[in-house]
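Fold and geometry: a report
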2 protein chains.
Amino acid sequence: MTIAYPKILSSSQVKPYLFQARFGLEREGHRVDSAGNLSLLNHPAALGPRRFHPYLQTDFSETQMEAITPVFDNPKQALQFMEALHDVMIRSLEQEELLWAQSMPPALPENESEIRLANLEKTKDVLYREGLAKKYGKRKQMVSGIHYNFEFGEDLLEAMWQQQETTDFKAFKSEIYMKLSRQYLRYMWLITYCLGASPRANTGFFTDQNEKIQEPVRSIRNSKFGYRNRPEIFVSYESLQQYYEDLQTYVKTGALSEMKEFYSAVRLRGGKRSEELLDVGIQYVEFRNFDLNPFVRVGMDEDTARFIHLFTLYLIYKEEEETPDAAQRLGYEINDAVALEDTLEKTAYYHEGKLFFDQMRIFAQNLDFAQADLALIDKFAQMLEKPETTIAGQMELAYRQNKAFALDLSRKYRQQSYKRPFQLAGFTHLELSTQNLLFDAIQKGLKVEVLDAQDQMVALSFKSHTEIVEKGNMTSKDSMVAYAIMENKVVTKKLLDRAHLKTPQGQEFSDLATAQAAFPLFEAAAIVVKPKSTNYGLGISIFKKPATQEQFHKALEIAFQEDKEVLVERFVSGTEYRFFVLDGETKAVLRRDAAHVIGDGVSTIKQLVAQKNENPLRGHDHRFPLEKIQITATEKLMLEVQCYTEQSIPAKDIKVNLRENSNVSTGGDSIDVTDEMPEIYKDIAEKAAEALQVKITGVDILIEDLNDSLGEKYSIIEANFNPAMLFHLYPLKGKGRRVTMDVLHFLFPEIFAQ
Amino acid sequence: MTIAYPKILSSSQVKPYLFQARFGLEREGHRVDSAGNLSLLNHPAALGPRRFHPYLQTDFSETQMEAITPVFDNPKQALQFMEALHDVMIRSLEQEELLWAQSMPPALPENESEIRLANLEKTKDVLYREGLAKKYGKRKQMVSGIHYNFEFGEDLLEAMWQQQETTDFKAFKSEIYMKLSRQYLRYMWLITYCLGASPRANTGFFTDQNEKIQEPVRSIRNSKFGYRNRPEIFVSYESLQQYYEDLQTYVKTGALSEMKEFYSAVRLRGGKRSEELLDVGIQYVEFRNFDLNPFVRVGMDEDTARFIHLFTLYLIYKEEEETPDAAQRLGYEINDAVALEDTLEKTAYYHEGKLFFDQMRIFAQNLDFAQADLALIDKFAQMLEKPETTIAGQMELAYRQNKAFALDLSRKYRQQSYKRPFQLAGFTHLELSTQNLLFDAIQKGLKVEVLDAQDQMVALSFKSHTEIVEKGNMTSKDSMVAYAIMENKVVTKKLLDRAHLKTPQGQEFSDLATAQAAFPLFEAAAIVVKPKSTNYGLGISIFKKPATQEQFHKALEIAFQEDKEVLVERFVSGTEYRFFVLDGETKAVLRRDAAHVIGDGVSTIKQLVAQKNENPLRGHDHRFPLEKIQITATEKLMLEVQCYTEQSIPAKDIKVNLRENSNVSTGGDSIDVTDEMPEIYKDIAEKAAEALQVKITGVDILIEDLNDSLGEKYSIIEANFNPAMLFHLYPLKGKGRRVTMDVLHFLFPEIFAQ
């Protein structure tokens, strides 16, 4: 088949879709102890069972974790997901464990039997690993790397297909991938040169004297000393048919135990089972020759991931050599030589490489690639000139400074994960509650997908069960009506009253005149005047002492500016608590203290605030569990009322309030009191949720005296849909409550039963 | 017990609560045929079973409907509910039936056996009626009236109670009601005088020659010829204990079959069963002596209902006579005399009446009653001067003009109900969809309550099962998440795509630059550029022919002004249909045609619009199923494009479009096409609802050709939560679909199984 690729790619029908593609990554890496030795511990118990975990598995040995991303429309998203998987893996490790940052395994035990195979449930999986161990030796299997799954976009393939008329779409598609694979094998040495990252082996890797090499090299993993099939295995890529037949023959003769034992740098992927490949045609390809870049936590950076995409486009454009099998053999020959070249020396294949990059650049210019992409090609081309800028080159330079640089990097990546344990790398553009929910979901082995980042909508799945969750805890279990009830203070109150739960006594008004005329009703009482629906404190007036008629009228005017309906309620004194109720059970209780500082007799209020703000849980714009205290006009006024300025030095243990309201968003403290809260009030919160027909809610209750065992002096202020979860997860004081996990448990009881 | 009532009522603690009270109404009235004879038909089948109907029952005979309101905080609301019950009753009658507008029954059959007792299920209820028929004769039982249930507010009672120290609260409460009752019986003649409304009997009421009276009188019903216990029955109101004992004695001796057979003008009400009265104390009283005012559809006007409330307050204030039983006998004596006085003559008790009203006015002034209330007292006082202004007086005057005035009024009330069948009287402050839902709910015997008028939240109940519904069809069956999904066009599209349903192809952009750069993708196609979340057409540009780059850029700018995310979609041609899907089933399908007129070769466009606007379904501000076409700048522009002005006279059968968009809210037509729509598209709408996990939704689908039996040329535009129901109920053309009833069926399958 002759496909006029150059013409095809530059046609105006194809060009709009040129960069349409799909990407997925798989990354292996070992668990090691704090000294950098293979961990003796089992696969982390915190992770859901390997039997169904879609993202976190073990590869050959029990220590070799495998992180698998879903498929995305651009490589950046795949890398971001890989970052998330790293946060989850690292934070699921036992206290002292690390994730080993490079491809070559750490020092291996003298006795090969001490390398534990992955402790999997299925006999088939165990037998397969035992077979490999026998055939290739365990040590080779311990080398890790990244697999890059790549698929051309469907619109792109269709547009290309429509430019030629010779064949059906399925055949066309397979042929494109066959060409890509042949070319990739021919030029993979460029990847080995630029991205090779296994220059030196640790103790215990080479045990055969014949295998001794001159280190540093570019890539042991991509050399003949890497994890390879025996040399007599040769599979032709001339056609899909030929590829398939060759593989089948090896399987039949027993040279390969099954098709997946064929370790080419490019694996062709069709259906779920290798055997379906011929029927369904090639759906995508798996590039398997990437070493872990130890300078990047997840082993591959965004530039590299993008470059590989550009590389594939150029490969399908570039003219092929005429004899595919010979070209493949040549490709391997060059690759194997380059892999064992001295890390810091120029390559012997410099000229072929330079020609390749020059032509690739012209191709890119002709197709109007963006400047950033051209610069990326230049960056990789430059590596030919400067071997020290290749990954292996950089590693060798680092090694000369510090032989333990890889272990140090592994430690650094662990610390990174723990620096802001309330965030999930790769998803930091989402709200923290959603980040935490996704963390837990990934940890427990649910499939996750962000449906809409703006609205914080995510889909979580286990087998055929999918739940869509909005903003961390708005789920399919709560109704539109529960939402409407909680939004409406009057209806909330009516329903709570009917359930014989106490709410602030009061009355609702829908016009100013009637409300003002009702003054006699409230003349003698402490009251709160508030708009019916506003939630952020706007338009609320509190009179702890009875209001004058004038004050009452004014307060009503203010409230009516915010809403058409206004409530006047008796003011209830006491401390306000937030009860997080889920499916009829109080999962967490929190007290919020208004922003304040405690004097030490030495520091000014300004200094005390600064000290308090140093807490790593405090930050800005809801990107942290707590907000930093800011001294604005409101705080200054509050100080003034107490006869302070920012420069005042309060005496030791004197509490200085900076705010009237206790919201965490204005610098308030969060204190978990779940264990101290008497059951009687938890019952009340649960009954409130029941009365409002809501499964997940935050109930605010004013309690006059926690020790009142009758539980009678309380008042339910409101119930909130989409209650904040973060301050329960990471309170300033007290025990964190993993309410995000409770949400998952509620939605997917079946995975917790596993 | 001596309670210093005057002091109590005027105390500053009591005054704020003075008007706090609760009200409920019961109204009897006969079904008659179009000639005004008792209907021969059964109780309307359209109404839910009498076994559980909370509002619509039958009293003594099968034709005597009884409408019972719930209890409200003011009499106006009770009357409004009674209006609603009237709309429901009247629209549930067989085609020619009427509701008889006055207390005295229409002509009764010569043979008493032709008066059918209410056809009730419970043997006990039937036996009770048979007993009454035997004891009092059927004819007397056919007289109808209104019962006014009255309860003082709990805060009022408590405030009053706290002003005195002699007794416990329950006893105090009962004593207040006992005084009210004694005083009421003493002065009820004033009610008979002012509000008596049974001056003449129709044929067949008086069959005993001894009972012949000189008509017109004030109130046959309230005279000794009304429905009374035998004269020897006398029950003392001196104390609750005495009242109860007297009644028990009559029951024991068999003079009364049970306590409820005692027909006083005031009945004391305690618990559910009469027997509990002594234990629970008096909870409220039932005033039973109101004739139906035929000049008011529901039989009592708001002034009257309010006056009765003022009357009760004055009665508990007013000094009592010292001998309660004697006072009661005197009260009845005067009442019975007044009842049979000549309608148009002054009463013999004028002076007692005048004194009463004078003192009542002083009382009202002293307690700072509003001007309107003082005027109301004056209005009733005036009736003493002008007997022709009493209800009976007005009836007599009307009778002299037209002997059939009551029948004519009955006809008028029926017409009133049918004039705007899409509204529900008493609830016209709500949206039409909620009005229709409430109509259906009341008809089928659900308890209804408006929880919040502003948010259109209503509670519907059957036994212990309560459903809260917002805006007509947002229910507990749909989740917060379904709501969020439908609000988000991108997520909607993703989920529909995954369910293999067709949506307009397109792409989402979150910044202007990227979107503008994507021009090549859309260069050759008809497209729609729209903001992600807006629903009202704001910021949408449609290019039926491919846009130029400049137009494309401009359209994106406009869309980005409305939302942070913008969609560019392929434009799909065809006709748009709205599918109302409920619980997986398409209940109605509608086509909406843009506002237009069809020429007749004679009228100008302006005249044609005016003619079209005469349709009674068209109105303004969503208070009607369709909106009137308005000729604004938009319509003028649309005419201009077609080379018309408002004064143009289009040729016969020529269609002139006035709008591009087909929204009903801008004058569009609604055409029901449920029966014509091929099943294949209903399936598609149902699958869409399933994919979006929604139970009640309006799916908009563009269909290119309804006759395409493959059902392949369609595109789902969007799915709407809270879909409009009114245009399905009352389409301009085609059959109305009672989707509000479908909603009820979905929420309360149990009542439809009855």
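Keep in mind that what you see is a predicted model, and the values were worked out from it rather than measured.

Remarks on the overall build of chain A
Per the secondary structure count, chain A includes 26 helices and 23 strands. Taken across its 754 residues, chain A has 58% of its residues classed as buried. Contacts spanning at least 24 positions in sequence make up 72% of the contacts within chain A whose residues lie at least 6 apart. For chain A, the exposed surface amounts to about 31700 Å²; the carbon and sulfur share of it is 48%.

Remarks on the pattern of salt bridges
Counting across every chain of the model gives 93 salt bridges over all chains. B:K135 is the salt-bridge partner of B:E261, the closest N and O atoms lying 2.6 Å from each other. Here B:K135 lies in helix α3 (residues 123-136) and B:E261 lies in the loop between α7 (240-253) and β6 (266-269), a separation of 126 residues in the sequence. A salt bridge links B:R228 to B:D336; the nearest nitrogen and oxygen atoms lie 2.6 Å apart. Taken together, the positions of B:R228 in the loop between α6 (169-195) and α7 and B:D336 in helix α10 (residues 324-339) put the pair 108 residues apart, joining distant regions of the chain. Each of A:E83, A:D87, A:R91 and A:R297 takes part in one network of salt bridges that share partners.

With respect to the interface of chain A and chain B
Contacts between the two partners involve 40 residues from chain A and, on the opposite side, 40 residues from chain B. When chain A packs against chain B, the two sides together hide about 3200 Å² of surface, and 58% of this comes from carbon and sulfur. Among the residues of chain A in contact with chain B, A:Q454, A:M480 and A:V481 are the three that bury the most area, contributing 22% of the side total. If you look at where chain A meets chain B, you find two salt bridges. B:R498 is the partner of A:E449 in a salt bridge, and the nearest nitrogen-oxygen pair spans 2.6 Å. Taken together, the links from chain A to chain B amount to ten residue pairs in polar contact (both at pLDDT 80 or more).

Description of the domain arrangement of chain A
Residue and element names in this part refer to chain A. Under the domain assignment, chain A is made up of domain 1 (5-416), domain 2 (428-477), domain 3 (505-570) and domain 4 (575-747). The C-alpha centroid of domain 2 is placed 30 Å from the C-alpha centroid of domain 1. On the side of domain 2, nine residues touch domain 1, which itself brings 14 residues to the contact. The contact between domain 1 and domain 2 buries some 980 Å² in all, and 67% of this surface belongs to carbon and sulfur atoms. When the buried surface of domain 1 facing domain 2 is broken down by residue, F52, Y55 and V88 rank first, second and third, together holding 42% of it. Between domain 1 and domain 2 we count zero salt bridges in total. At the surface where domain 1 touches domain 2, the tally comes to seven residue pairs in polar contact (both at pLDDT 80 or more). Class assignment for the residues of the side of domain 1 that touches domain 2 results in nine nonpolar, three polar and two charged.

Examining the pairing of strand β23 (residues 714-720) of chain A
Residue and element names in this part refer to chain A. Of all seven residues that make up β23, six are buried, and the element is covered over most of its length. Both strand β22 (residues 696-703) and β23 contribute to a ladder of six bridges, which runs antiparallel. Its bridge partner lying in β23, I701 is registered against I716.

Observations regarding helix α11 (residues 350-366) of chain B
All names here are of chain B. In this model, α11 (17 residues) spans 24 Å end to end at C-alpha, consistent with the 24 Å of a helix rising 1.5 Å per residue. Listed in full, the buried residues belonging to α11 are Y350, G353, F356, F357, M360, F363 and A364. The buried side chains of α11 occupy one side of the element, clustering within an arc of 155° when seen end-on. Exposed residues pointing more than 90 degrees away from the buried face of α11 are listed as H351 and N366.

Details of the relation of the copies chain A and chain B
Expressed as a screw operation, the relation of chain A to chain B combines 0.1 Å of axial shift with a rotation of 180°, fitting to an RMSD of 0.1 Å. The two molecules are tied by a two-fold rotation axis, judged by turn and shift. If distances are taken from each C-alpha of chain A to the rotation axis, the shortest is found for A:S479, at 1.9 Å. When you check the interface residues of chain A against chain B, 100% turn up at the interface there too, and the contact is symmetric in its surfaces.

A few points about the sheet that holds strand β15 (residues 575-582) of chain A
Across a sheet, strands are paired by hydrogen bonds formed along the backbone, either parallel or antiparallel in direction. Residues and elements named next belong to chain A. Ordered in space as β21-β16-β15-β22-β23, the five strands form an open sheet in which the pairing is antiparallel. Here the strands that pair on one side only, and so sit at the sheet edges, are β21 (669-672) and β23. Put simply, the sheet's adjacent strands are angled 30° from each other on average, direction ignored. By the bridge criterion, four bridges tie strand β16 (residues 585-593) to β21 in an arrangement that is antiparallel. When the sheet's bridge partners are listed, R591 is paired in β21 with I671. Here helix α25 (residues 739-747) sits on the sheet and contacts β15, β16 and β22; the angle it forms with β15, its principal contact strand, is near 35°.

Focus on the packing of helix α2 (residues 75-92) of chain B against helix α15 (residues 432-444) of chain B
Residue and element names in this part refer to chain B. At their nearest, the axes of α2 and α15 sit 10 Å apart, and the two run at 75° to each other. Classed by the angle they form, the pair α2 and α15 counts as roughly perpendicular. Contacts between α2 and α15 involve F81, A84, L85, D87, V88, R91 and S92 on the former and, on the latter, F439, I442 and Q443. Residue composition of the contact of α2 with α15, by class: six nonpolar, two polar and two charged.

Digging into unusual backbone geometry
The phi angle of most residues is negative, glycine excepted, and most peptide bonds adopt the trans form. Residue A:P216 is bonded to the preceding A:E215 through a cis peptide linkage, with omega at 0°. Its location among the elements puts A:P216 in the loop between α6 (169-195) and α7 (240-253). Unlike most non-glycine residues, B:K463 shows phi in positive territory, near 50°. Within the secondary structure, B:K463 is located in the loop between β9 (457-462) and β10 (465-470). Unusually for a residue other than glycine, B:H622 sits at a positive phi of about 60°. On the secondary structure map, B:H622 appears in the loop between β18 (618-619) and β19 (626-627).

Calculation notes
Per chain, residue numbering runs from 1 following the sequence as it is written. Whichever chain is written first becomes A and whichever ligand is written first becomes 1, with later ones labelled in order. Only residues with pLDDT of at least 70 are given local features in this predicted model, and only at 80 or more are side-chain atom pairs given and counted; all residues enter the totals for whole chains, interfaces and linings. Values reported for side chains reflect all heavy atoms of the structure, with hydrogen atoms and water molecules removed beforehand. Going along the chain from the N terminus, every DSSP run of H or I of four or more residues is numbered as a helix, and every run of E of two or more is numbered as a strand. Each residue's exposure class comes from its accessible area (1.4 Å probe, protein chains only) as a fraction of the maximum for that residue type: buried when under 20%, exposed when over 50%, partly exposed otherwise. Here, two residues are considered to be in contact whenever any of their heavy atoms come within 4.5 Å of each other. Exposure was quantified through the Shrake-Rupley algorithm and a 1.4 Å probe, taking into account, for residues, occlusion by the shown protein chains and nothing else. Salt bridge, as used here, is a side-chain nitrogen of Lys or Arg placed within 4 Å of a carboxyl oxygen of Asp or Glu. Buried area adds together the accessible area that both of two parts lose upon being put together, with accessible area traced by a 1.4 Å probe. Identification of polar contacts relies on pairs of N or O atoms within 3.5 Å, with a donor-acceptor requirement for protein atoms, meaning one able to donate a hydrogen and the other able to accept it, and with residues adjacent in sequence counted only if both atoms are side-chain atoms. Reported domain spans reflect what an automatic or database domain assignment gives. Any residue outside Ala, Val, Leu, Ile, Met, Phe, Trp, Tyr, Cys, Pro, Asp, Glu, Lys and Arg is labelled polar, Gly included; the first ten of those are nonpolar and the last four are charged. At least two DSSP bridges between two strands are needed for those strands to be called paired. Here the expected length of a helix is defined as 1.5 Å per residue gap, with one fewer gap than residues. Comment: arc refers to directions from the helix axis out to C-beta atoms. Only residues with pLDDT of at least 70 in both copies contribute their C-alpha atoms to the least-squares superposition of the copies. Here an angle of 0 to 180 degrees is reported between the N-to-C directions of two axes, which are lines fitted to C-alpha atoms, with helices fitted over the stretch in contact. The labels follow the angle: roughly parallel below 35 degrees, roughly antiparallel above 145, roughly perpendicular from 65 to 115, and oblique for the rest.

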